[in-house]
Amino acid sequence: MIYSHEVEMMCPVAQGVNHGAAPIPEEAKWVKAKEIKDISGFTHGIGWCAPQQGTCKLSLNIKEGIIQEALVETIGCSGMTHSAAMAAEILPGRTLLEALNTDLVCDAINTAMRELFLQIVYGRSQSAFSEDGLAIGAGLEDLGKGLRSQVGTMYGTLKKGPRYLEMAEGYVTGIALNEEDEIIGYQFISFGKMMDFIKNGDDANTALEKAKGQYGRVADAVKIIDPRKE
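Thresholds applied
Residues numbered from 1 in each chain as written. Predicted model: local features only at pLDDT ≥ 70, side-chain atom pairs only at ≥ 80, totals over all residues. Heavy atoms only, no water. Helix = DSSP H or I, 4+ residues; strand = E, 2+ residues; numbered from the N terminus. Rg over C-alpha atoms; globule rule 2.2 N^0.38 Å. Buried < 20%, exposed > 50% of the residue type's maximum accessible area, 1.4 Å probe, protein only. Contact = heavy atoms within 4.5 Å. Areas by Shrake-Rupley, 256 points an atom, 1.4 Å probe, with all protein chains shown as cover. Lys, Arg positive; Asp, Glu negative; His and termini not counted. Charge placed at Lys NZ, Arg CZ, Asp CG, Glu CD. Salt bridge = Lys/Arg side-chain N within 4 Å of Asp/Glu carboxyl O. pLDDT = per-residue confidence, 0-100. Phe/Tyr/Trp six-rings, centres within 6.5 Å; stacked < 30°, edge-to-face > 60°. Lys NZ or Arg CZ within 6 Å of the ring centre and 35° of its normal. Pairing = 2+ DSSP bridges. Patch = residues over 30% accessible without salt bridge, like charges linked within 9 Å, V, L, I, M, F, W, Y side chains within 5 Å. Polar contact = N/O pair within 3.5 Å; in protein donor to acceptor, adjacent residues only side chain to side chain. Core = buried A, V, L, I, M, F, W, Y, C linked by side-chain atoms within 4.5 Å.

1. Some points on the overall build of the protein chain
In terms of regular secondary structure, the protein chain is built from seven helices and eleven strands. In terms of overall dimensions, the protein chain is more spread out than a globule: its C-alpha atoms have a radius of gyration of 25 Å, far above the 17 Å expected for 230 residues. Overall size of the protein chain, expressed as C-alpha extent along the three principal axes, is 85 × 45 × 30 Å. Burial status across the protein chain gives 34% buried among its 230 residues. In the protein chain, 51% of the contacts between residues at least 6 apart in sequence involve partners at least 24 apart. When the accessible area of the protein chain is evaluated, it comes to approximately 14500 Å², of which 54% is carbon and sulfur surface. Where the 22 positive side-chain charges of the protein chain centre and where its 31 negative ones centre are 5 Å apart.

Below, the structure written as structure tokens:
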């Protein structure tokens, strides 16, 4: 340790009060985090790339500083999907600090890792007050049945109005309109369910029909339009 001459010439003064780190909530315990291994929890982070053409939602389940589970969801950039595949392979088994200083291939994923790190080391995890935290597999539960990300894709113009393209329920096939051409509901296909039906032996047309659903006052519609054609 090298000290400047000015510091060397100072007289020693004892440090007084030192309470250490403030406790943060972790998995229903109050923890004074001093090292990476003191950090546990399940939480999410959102990141974006420099040109802001894509974004990533990163979910990590961390036990005693080590990442046990990673869910990487991206939207808006085709290259990000390949980066996400690599990140999902890189992250499990790394400490929280290693992950923060590892190239996760894509700016958006790296930024998500930074934002997630900030949340969890300040005790803002989703499992802060859950005893023993969340089981490994909680990330998959975030996806729901069919294991697909919940995506909303909407488009609108001043001249022609809004078009619903995809909702959490699935791929929108029809928009229900009333007499004033206002949206009162929509029809959709759940891709996750459809693929499960096909894998279980149904032909494509049968699976398509079984995976259809609707939301809102579709039965009261004056007309139903295809959002991708009309």
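From this point, the narrative continues.
2. Observations concerning the pattern of salt bridges
A complete count under the given rule lists eleven salt bridges for this structure. Among the ionic pairs, Glu73 bridges to Lys57, the shortest N-O distance being 3.8 Å. Of this pair, Glu73 sits in strand β5 (residues 66–75) while Lys57 is found in strand β4 (residues 55–63), placing the two residues 16 residues apart along the sequence. A residue is classified by how much of its surface remains accessible, and Glu73, at 12% relative accessible area, is buried.

3. A few points about the confidence of the model for the protein chain
For the protein chain, per-residue confidence averages 94 on the pLDDT scale, and 100% of positions sit at 70 or higher. Considering each helix and strand of the protein chain separately, the mean pLDDT is smallest for helix α5 (residues 138–143), with a value of 88, and largest for strand β9 (residues 183–189), with 97.

4. A few points about the packing of aromatic side chains
Both the distance between ring centres and the angle between the ring planes are used here to describe each pair of aromatic rings. Applying the stated criterion across every chain yields a total of five aromatic pairs. Residues Tyr164 and Tyr186 carry aromatic rings whose centres are separated by 5.9 Å and whose planes lie at 75° to one another, so their mutual orientation is edge-to-face. Residue Tyr164 is found in strand β7 (residues 161–167), and its partner Tyr186 is found in strand β9; the two are separated by 22 residues along the sequence. You can call Tyr186 buried: its relative accessible area is 6%. Over the ring of Phe197 we find Lys210; its NZ or CZ atom is 4.4 Å from the centre of that ring. Positioned above the aromatic ring of Tyr171 is the side chain of Arg228, whose terminal nitrogen or guanidinium carbon lies 3.7 Å from the ring centre.

5. Quick notes on the pairing of β4
Every other side chain in a regular strand lies on the same face of the sheet, so the side chains alternate between the two faces. Of the pairings in the sheet, the one linking strand β3 (residues 41–48) to β4 comprises eight bridges and is antiparallel in character. Of the residues in β4, the one forming a bridge with Gly47 is Cys56. In sequence, β3 turns back onto β4 through a hairpin of six residues, with Gln52 there showing a positive phi of about 55°. With nine bridges joining them, β4 and β5 adopt antiparallel strand pairing. By the bridge assignment for β5, Thr55 is matched with Ile75. Adjacent in sequence and paired antiparallel, β4 and β5 are bridged by two residues, among which Glu64 carries a positive phi angle near 50°.

6. Comments concerning a nonpolar patch on the surface
A grouping of Met1, Tyr3, Val7 and Met10 is seen on the molecular surface, where their side chains present a nonpolar patch of about 520 Å² in accessible area. Mapped onto the secondary structure, Met10 falls in the loop between α1 (5–8) and β1 (24–26).

7. Re the side chain of Ser125
Positionally, Ser125 belongs in the loop between α4 (107–121) and α5. For Ser125, a relative accessible area of 10% corresponds to the buried category. A distance of 3.2 Å separates a polar atom in the side chain of Ser125 from the backbone nitrogen of Ala128.

8. Brief notes about the nonpolar core
Judged by nonpolar contacts, the single largest core of 24 residues is most densely connected at Cys56, Leu58, Leu60, Leu91, Ile109 and Met113. For this core, the secondary structure elements donating two or more residues are β4, β5, α2 (78–90), α3 (96–100) and α4. Residue contributions to this core peak at seven residues, all from α4. Judged by nonpolar contacts, the second largest core, of seven residues, contains Met167, Val172, Ile175 and Tyr186.

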